[in-house]
Amino acid sequence: MSSCTPLWHVTALLPDLQLIHQRIKDNIEVLQNFGAKREEGRSRQEYLTLLRQDLSAYYSYSDFLIGKMMDLFPLSELVDFLESNEVSRPVTLRTNTLKTRRRDLAQALINRGVNLDPLGKWSKTGLVVYDSSVPIGATPEYLAGQYMLQGASSLLPVMALAPQENERILDMCCAPGGKTSYIAQLMKNTGVILANDGNAERLHSVVGNLHRLGVTNAVVSHCDGRQFPKDEKDILRCAHLQKELILSAIDSVNAASETGGYVVYCTCSVMVEENEWVVDYALKKRNVRLVMTGLDFGKEGFTRFKERRFHPSLKCTRRFYPHTHNMDGFFVAKLKKFSNAIPKPLKDEEPQGEPEVQAAKEGRAPVASPGPPPKRKKQEELKAVKKQNAKPGSSAAVATQMQAKGVLKSDKQKKQLLVSRHGSFQKRSRPFQKAARPSPGGLKSRPAPSKKKRRVHRSPQ
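Every chain is numbered independently, its residues counted from 1 as its sequence is written. For a predicted model such as this one, the threshold for reporting local features is a pLDDT of at least 70, and the threshold for listing and counting side-chain atom pairs is 80 or more; totals across whole chains, interfaces and linings nevertheless cover every residue. Remark: hydrogens and water are excluded; side-chain values derive from all non-hydrogen atoms of the structure.

Where strand β6 (residues 192-197) and strand β7 (residues 218-222) come together, five bridges link them in parallel fashion. What sits directly across from Asn196, in β7, is Ser221. With the strands aimed away from the viewer, a crossover counts as right-handed if its path from the first strand over the helix to the second runs clockwise. Helix and strand labels come from DSSP, where a helix needs a run of H or I of at least four residues and a strand needs a run of E of at least two; each type is numbered from the N terminus. One crossover worth recording links β6 to the parallel β7 by way of helix α11 (residues 203-213), and it is right-handed. Note on pairing: DSSP must find at least two bridges between two strands before they are called paired.

Let us look at unusual backbone geometry. Residue Pro176 follows Ala175 across a cis peptide bond; omega there is 5°. Inspection of the secondary structure assignment puts Pro176 in the loop between β5 (168-171) and α10 (178-186). For Ser60, which is not a glycine, the phi torsion comes out positive at approximately 60°. Inspection of the secondary structure assignment puts Ser60 in the loop between α4 (44-59) and α5 (63-72). Relative accessibility under 20% of the residue-type maximum defines a buried residue, over 50% an exposed one, and the middle range a partly exposed one, all with a 1.4 Å probe and only protein chains included. By relative accessible area, Ser60 is classed as exposed at 67%.

Each axis is a line fitted through C-alpha atoms, and for a helix only the stretch in contact is used; angles between axes span 0 to 180 degrees, taken between their N-to-C directions. Running from N to C, helix α12 (residues 232-252) and helix α13 (residues 276-285) cross one another at 40°; their axes reach a closest spacing of 9 Å. One finds that α12 runs oblique with respect to α13. Read as a crossing pair, α12 and α13 show a hand that is right-handed. Residues Leu236, Ala239, Gln242, Lys243, Ile246, Leu247 and Ile250 of α12 form the contact with α13, whose participating residues are Trp277, Val278, Tyr281, Ala282 and Lys285. All residues other than Ala, Val, Leu, Ile, Met, Phe, Trp, Tyr, Cys, Pro, Asp, Glu, Lys and Arg, Gly among them, are scored as polar; the first ten of these are nonpolar and the last four charged. Residue composition of the contact of α12 with α13, grouped by class: nine nonpolar, one polar and two charged. By definition in this entry, angles of less than 35 degrees are roughly parallel, angles greater than 145 are roughly antiparallel, angles of 65 to 115 are roughly perpendicular, and the rest are oblique. Two helices crossing with the near one rotated counterclockwise from the far one by less than a right angle form a left-handed crossing, whereas a clockwise rotation gives a right-handed crossing. Only heavy atoms matter for contacts: two residues are in contact if any of them lie within 4.5 Å across the pair.

Two side chains bearing opposite charge may form a pair once their charged atoms approach each other closely. Criterion for a salt bridge: a side-chain nitrogen of Lys or Arg within 4 Å of a carboxyl oxygen of Asp or Glu. Within the structure shown, the criterion is met by 13 salt bridges. Between Lys299 and Glu77 there is a salt bridge; the shortest N-O distance is 2.7 Å. On the criterion of sequence distance, the pair formed by Lys299 in strand β10 (residues 299-300) and Glu77 in helix α6 (residues 75-85) is long-range, its members being 222 residues apart. Lys284 is the salt-bridge partner of Asp280, the closest N and O atoms lying 3.3 Å from each other. Placement of the pair is Asp280 and Lys284 together in helix α13, with a separation of four residues, close to one helical turn. Taking the relative accessible area as the measure of exposure, Asp280 reaches 6% and is therefore buried. Classification of Lys284 by relative accessible area gives exposed; the value is 61%.

What follows is about the packing of aromatic side chains. A pair of Phe, Tyr and Trp rings is counted when the ring centres sit within 6.5 Å of each other, with Trp represented by its six-membered ring. The angle between the planes then sorts it: under 30 degrees is stacked, over 60 is edge-to-face, the rest tilted. Overall, the coordinates contain 10 aromatic pairs when judged by the stated rule. With centroids separated by 4.9 Å and ring planes inclined at 80°, the aromatic side chains of Tyr58 and Tyr59 adopt a geometry described as edge-to-face. For Tyr59, a relative accessible area of 6% translates into the label buried. Centre to centre, the rings of Phe297 and Phe320 are 5.3 Å apart; their planes meet at 65°, and the pair counts as edge-to-face. In this pair, Phe297 sits in the loop between β9 (288-291) and β10 while Phe320 sits in strand β13 (residues 318-320), placing the two residues 23 residues apart along the sequence. In this structure, Phe297 and Phe320 share a single accessibility class: buried. Taken together, the ring pairs in this structure connect Phe73, Phe81 and Tyr321 into an aromatic cluster. Lying across the ring of Tyr281, Lys243 places its NZ or CZ 5.0 Å from the centre. In our convention, an over-ring charge means Lys NZ or Arg CZ found within 6 Å of a ring centre and within 35 degrees of that ring's normal. When the ring centre of Tyr262 is taken as origin, the NZ or CZ atom of Lys336, which lies over that ring, is 4.7 Å away.

Our next topic: the packing of helix α2 (residues 17-32) against α6. Relative orientation of the contacting elements α2 and α6 amounts to 155°, with a least axis distance of 9 Å. As the angle between them shows, α2 and α6 are arranged roughly antiparallel. The segment α2 lies against α6, with His21, Ile24, Ile28, Leu31 and Gln32 engaging Leu75, Ser76, Val79 and Glu83. Each residue belonging to the contact of α2 with α6 can be placed in one class, and the counts come to five nonpolar, three polar and one charged.

Of all the positions in α5, only Ile66, Gly67, Lys68, Met69, Met70 and Leu72 are classed as buried. Summarising the contacts, the buried residues of α5 are in contact with α4, α6, α12, β11 (304-305) and β13.

This brings us to the sheet that holds strand β1 (residues 91-95). Spatially, β2-β3-β1-β4 is the arrangement adopted by the four strands of the open sheet, whose pairing is antiparallel. If you trace the sheet from one side to the other, it starts and ends with β2 (114-118) and β4 (147-149), each paired once. Strand-to-strand, the axes of this sheet are offset by a mean angle of 35°, without reference to chain direction. Where β2 and strand β3 (residues 126-132) come together, five bridges link them in antiparallel fashion. Looking at β3, one finds that Asn115 is bridged to Asp131. Along the sheet, helix α7 (residues 102-111) makes contact with β1, β2, β3 and β4, crossing β2 at roughly 155°. Running over the sheet, α11 touches β1 and β4 and is turned about 155° from β4.

If you want it as structure tokens, here you go:
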């Protein structure tokens, strides 16, 4: 007998993708009209759980990532997004106007057997390549630095930044140099560009591209980097790093600049944690405001997502999706710095709660709570003495009653003395009290405490 697993057994272990795909379509149809199409006895959560498992199996995504996409997109749009990710994005290139014009470059590539078209009305330098009979990354025009192979979405942040000649610009994550070289050509090689990246290995491609494209106004630098996020914990860690980076970028620009003072924050991510959340954080921590990106397409950023609420001006940011704009997922935000001063953090509110709990939080010993007032103590003692004497006519009861009357009488004299002192103090300080907080009743409102005291003294008898 052969030790190999029978073919029919292997086939049985493989998921039926056609069945899963049909079930995905059916479940989405039910969820979109749940009240009318749901199966009796089935909850919405059961349908969502099954849909999540089927999407993960059919498109080979992790359960965590599918959950994130289900939170981000409505069901009618979710499958379109996942399907568009299965299709390769078109090859696009950017004309380097430091060395040639787009019309001349397009004609030269067409003569070499490249089928291409202008990228769109929104770009004056982009070309989209449908097919080519020659390697598009090894033509003489490419080696001469007349164009750069660059995704369409990475053109957008540079267009939003709109760099001007003789400015100073910092590109904090510059590899492989596409955006840096695009900035340089818009500045016509004037001013200064600081091109920084956290990956030393990728800086080799940055230096090579800048030399090939004829960029002469860039300075390349290197600082530490982080690994690409894999789960929610890493996404939050990455978002924390991006918050630090955006604050550093804001602190690096001058609000008093006549043409500058702008920061463009962009990511190749569709996660809210790395986009709107980070920008909203920057709005709270620095004197910046969001301005229009100048991009007349793209979807508005979120102002609310699940339980989170962001600043209303986040509508000025732009999101780009592969299923909508036929480019990689991208996020672009443009901020204007209006003051170099860093806002002081608001003072935390005074802690509320039990003293013991607050003392434990502050790392100090709890303060002993004061006991009951002396007046209450005396009343309790008198009640206890009365309970012990069951016969009210006995000599012990009479003695106790007389003792209680003596105690009350001495207390009454002390309180009258305190009241008289308090009244004399009020008379002396009356002009000040009227100026601070006038009382509609004047001195007539003061006898209330004495009434209360007389009522308390009658109660034991």
